[in-house]
Amino acid sequence: MSNRLFIFDTTLRDGEQVPGCQLNTVEKIQVAKALEGLGVDVIEAGFPISSPGDFNSVIEISKAVTWPTICALTRAVKKDIEVAAEALQYAKRKRIHTGIGTSDMHIKYKFNSNREEIIERAVEAVKYARRFVDDVEFYAEDAGRTDNEYLARVVEAVIKAGATVVNIPDTTGYCLPDEYGAKIRYLVEHVNNIDQAILSTHCHNDLGMATANTISGVLNGARQVEVTINGIGERAGNTSLEEVAMIFKSHKETKIETNINTQKIYPISRMVSSLMNMPVQPNKAIVGRNAFAHSSGIHQDGVLKNIQTYEIINPKDVGIDDNAIVLTARSGRAALKHRLSVLGVELSQEKLDEIYKEFLKLADRKKDINDDDILLLAGAQRSENRRIKMEYLQVTSGVGVRSVASLGLNISGEKFEAAASGNGPVDAAIKALKKIIDRQMTLKEFTIQAISKGSDDMGKVHMQVEYDNQMYYGFGANTDIIAASVEAYIDCINKFRM
Ligand code: KIV
Ligand code: ZN
């Protein structure tokens, strides 16, 4: 068995399914190109039948990317497969990823079917997909809870039907690492034609075991891993690409090799976090803000004497440079451009000039500008062409008095103003906003991200607003937390389908 491990990135499909993380096509192309630069082997670009947006993104990513295989997801349904094949028409290397649930739970409750019928449907789907492409991956959904003996029969049948890769998803994130590894080993040992296909892992993180399960799968014979940047994905997420890549880079004794250029890990992590408005937890392995920060006295002392006492990875190996994050009001355009490019954002001169102006304004209010700030500024530029923009906000508040806010909005070029009082400054500002935009909308979730780098840091607000039975997600960032809250609310409204 070869030691080459194929990296299948599903940030743009499984990762993008996270509520509030949806990207537009231009943003998806930006991520896809960065994934290509990172060296992934396969990019799962979307689920074309699910929406015209997904269909279009698969087309555009196929045109934009050269080396990685572009993969499109389908159910074991003919129409899905036809639409996926159409969306993949421009891909230089293409793969259809089709499949069906194989656990008794899925067979009984999802399909009201039986084991034999599911095998027939699986085989039919693979054969049909092979009519359009040479590379067909089959997924046995909920394989984590599928009986191994039956799973082996499914795998053998789909390989015979022409599957080139067989994905063994732990869809619910239930398996223990030993159990998942044993499942892969069982398939390697009991499927007669296993040498004709590659086994793939696809582990969810519901019990925090996604990476451990993936590694166990590889050590037992899987040679493709399905992963996402920052481990994003539905519920508790998927296996994180950066963890798997760095585990195999660190543990040379496994002899497992990937094509990942690990120095590009940090920039793409920041890019995905910023585009998806999905903060990376500070203690996240490899890419979290604190991943390489030694604060305890004992650690600092050891690190100063010899870095290897407490650091198993050189931060430079994942693209974190020493001079990270110190831009000030005295920094020029070139420094900003360099920092943005380290963070994976390439801009035209015109856009750079616009961001630089905003950067100087922010630097007036805040001494040190960090990477998050810079990405937020770049993000704010992206939303410049939104229909509703905040022109001004004035709030008075204090202890023992009711807060009052006056707000000015620009809606498609027209100016609107309103004032309102509330039981706090955010309440007053949002009431003023609702006076201008009079809709039946309800604030469902409101999260202010902790300010961690000093009282002059940017406050970040994530919001969830319900309108017309739909949930919308918004994000705002400002040194003024009340303004960030109003921006987040406006971001939601700008997404309303009206
Ligand atoms: O988690 C899962 O089972 C999936 C499949 C659709 C591959 O995402
Ligand atoms: Zn999944």
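Everything that follows concerns the structure shown earlier in this document.
In this text the structure is predicted, and so the values were computed from the model without any measurement.

Each value, and the rule that gives it
- Sequence positions are assigned chain by chain, starting from 1 and proceeding in written order.
- Key to labels: chains lettered from A, ligands numbered from 1, both in the order written.
- Totals for whole chains, interfaces and linings use every residue, but because this is a predicted model, local features are given only for residues with pLDDT of at least 70 and side-chain atom pairs only at 80 or more, for both listing and counting.
- Neither water nor hydrogens contribute to the side-chain values; these are computed over all heavy atoms in the structure.
- One heavy atom suffices: a residue is near a molecule or strand as soon as one of its heavy atoms comes within 4 Å of it.
- By the criterion applied in these results, polar contacts are pairs of N or O atoms within 3.5 Å in which, for protein atoms, one can donate a hydrogen and the other can accept it, and in which residues neighboring in sequence qualify only through two side-chain atoms.
- Surface exposure here means Shrake-Rupley accessible area, sampled with a 1.4 Å probe, where a residue is shielded only by the protein chains that are shown.
- Counting from the N terminus, the helices are DSSP H or I runs at least four residues long and the strands are E runs at least two residues long.
- Pairing between two strands is assigned when DSSP locates at least 2 bridges connecting them.
- To get an axis, a line is fitted to the C-alpha atoms, and for a helix only the part in contact is used. The angle between two axes follows their N-to-C directions and goes from 0 to 180 degrees.
- Contacts are assigned to residue pairs with any non-hydrogen atoms lying within 4.5 Å of each other.

Chemist: A description of the site of ligand 1 should follow, citing residues and the corresponding values.
Modeler: Lining the immediate environment of ligand 1, one finds R13, D14, H97, Y139, E141, N167, P169, T171, H202 and H204. Between R13 and ligand 1, the recorded distance is 3.0 Å, taken from a side-chain N or O atom to an oxygen atom. Within the side chain of T171, an N or O atom sits 2.7 Å from an oxygen atom of ligand 1. Relative to its unbound accessible area of 260 Å², ligand 1 is 92% covered by the protein chains. Sorting the residues of the shell around ligand 1 by element identifies β5 (136-141) and β6 (165-170) as the ones contributing at least two each.

Chemist: Give a detailed account of the sheet that holds strand β4 (residues 94-101), specifying residues and quantitative values.
Modeler: Read around the closed barrel, the eight strands follow the order β1-β2-β3-β4-β5-β6-β7-β8; overall the barrel is parallel. Neighbour to neighbour, the strand axes of the sheet diverge by 25° on average, direction disregarded. With six bridges joining them, β4 and β5 adopt parallel strand pairing. Following the sheet pairing, G99 is matched in β5 by Y139. Here helix α5 (residues 115-130) sits on the sheet and contacts β4 and β5; the angle it forms with β4, its principal contact strand, is near 170°.

Chemist: Account for the sheet that holds strand β10 (residues 403-411), with residues named and values stated.
Modeler: Adjacent strands of a sheet form backbone hydrogen bonds with each other and so pair up, either parallel or antiparallel. One open sheet accounts for three strands, arranged β9-β10-β11; its pairing is antiparallel. Either end of the sheet is taken by a strand with one partner, and the two such strands are β9 (388-396) and β11 (414-422). The mean angle between the axes of side-by-side strands here comes to 15°, regardless of whether they run parallel or antiparallel. This element, helix α16 (residues 481-495), spans β9 and β10 of the sheet and lies at about 150° to β9.

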